[in-house]
Amino acid sequence: MALERWLDCKYEKILLLNPKINQTLLLLNRWGIEAHIDSNGIKLNYDKEEETFQKLLDFYHITCFENDGVEAINSSTPVILPCDLYYMPYAKEYYRKKHGIHYIVIEKKCLNGDWIVFDDNPQWHDTLSSEILLQAYTEVQLLANESLKGERYVCLDNDSIKTKEEEWLFICDNVTSPCLSDFLMEILDRDDSIVSKVKDISKLFLQCKKLYALPIFCNRIRVYLNIIKNIEQLELTAFEYAEQWTILTGLSFHYLQREYQINWTRIENRIFAIRELEKQIAELMIP
């Protein structure tokens, strides 16, 4: 399993501009999604991931400066810019066909007023006009339904290099175990129809892909440091945990589409299996 599959486009650009960051540490707590249900539906919480990322920047003495609107595009230093792929001419799969939130790197301004842009997926290292960039940036705000900023990363201590021991201590101080099964138990205890419960489970399909970051993380830590207690068992258990989530959301889709004869008991059994695996992971994660 390639590490790059579990780093989204923004994180890949952050690594590009900040090569001193150990890419394995960027995976830390990416599995820390929390989900709850209220009167307005499912609420996803990414606070653990965001808090860990900020601590990681502090650990490497890197400061993030946010820029908005025209200021984000007209920065004198490289900027990671959110954009809507619908307006990016080189993104053939999306251009004028469908919308998609994406991040690119704006490197510098040319004499003719265009900007040198780097993207690795789809591959692009050429120029785009300020008009195209500003439109793609403006429209992505509506697509995301929130304010997305351009980001500049400045390292305040380029000379310092973190040792393996320092990185390991950072992991021990900040690693958390997954806790998504609380959401499942919340669903089981709810006085609602089975169809309604299954619909809520199926909505976590995309988010559950992040859970594979945990076994990838374990594998790389084992190879890189080889000092964590029970790491091989943790890696296997974490992989099984992510697989069970994938099966559970898949069963939910089939149940709703009635493609196969799937009863609620099969789904319940997966939920209890996930709950048990989550408990095992929490025990194995004790350094």
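In what follows, the structure referred to is the one given above.
First things first, this report covers the structure right here in the doc.

Procedures and definitions
Residues numbered from 1 in each chain as written. Predicted model: local features only at pLDDT ≥ 70, side-chain atom pairs only at ≥ 80, totals over all residues. Heavy atoms only, no water. Salt bridge = Lys/Arg side-chain N within 4 Å of Asp/Glu carboxyl O. Helix = DSSP H or I, 4+ residues; strand = E, 2+ residues; numbered from the N terminus. Buried < 20%, exposed > 50% of the residue type's maximum accessible area, 1.4 Å probe, protein only. Arc of directions from axis to C-beta. Contact = heavy atoms within 4.5 Å. Phe/Tyr/Trp six-rings, centres within 6.5 Å; stacked < 30°, edge-to-face > 60°. Lys NZ or Arg CZ within 6 Å of the ring centre and 35° of its normal.

Moving on to the pattern of salt bridges. Per the stated rule, a full pass over the model turns up 14 salt bridges. In this structure, the salt-bridge partner of R275 is D182, at a minimum N-O distance of 2.7 Å. Residue R275 is located in helix α11 (residues 264-284), and its partner D182 is located in helix α6 (residues 181-189); the two are separated by 93 residues in the primary sequence. Accessibility expressed as a relative area gives 41% for D182, which makes it partly exposed. Overlapping salt bridges, with partners in common, bring together D8, R30, E49 and K210 in one network.

Among all positions in helix α5 (residues 164-174), only E167, W168, F170, I171 and N174 are buried. For α5, the angular spread of buried residues about the axis comes to 155°, placing them on one side. Of the residues in α5, the exposed ones pointing more than 90 degrees away from the buried face are E165, L169 and D173. Structurally, α5 contributes buried residues whose contacts are with α2 (47-59) and α9 (213-224).

Moving on to the packing of aromatic side chains. Overall, the coordinates contain nine aromatic pairs when judged by the stated rule. Ring centres of Y212 and F239 lie 6.0 Å apart, and the angle between their planes is 65°; on these two criteria the pair is classed as edge-to-face. With a gap of 27 residues between them, Y212 in the loop between α8 (205-208) and α9 and F239 in helix α10 (residues 231-257) connect regions that are remote in the sequence. Y212 sits in the buried class, given a relative accessible area of 9%. On the basis of relative accessibility, which here comes to 32%, the residue F239 falls in the partly exposed class. Following the ring pairs from residue to residue traces out a cluster consisting of Y11, F53 and Y153. Stacked on the ring of Y11, the Lys or Arg R30 has its end atom at 4.1 Å from the ring centre. Of note, K98 hangs over the ring of Y94, and the distance from its end group to the ring centre comes to 4.9 Å.

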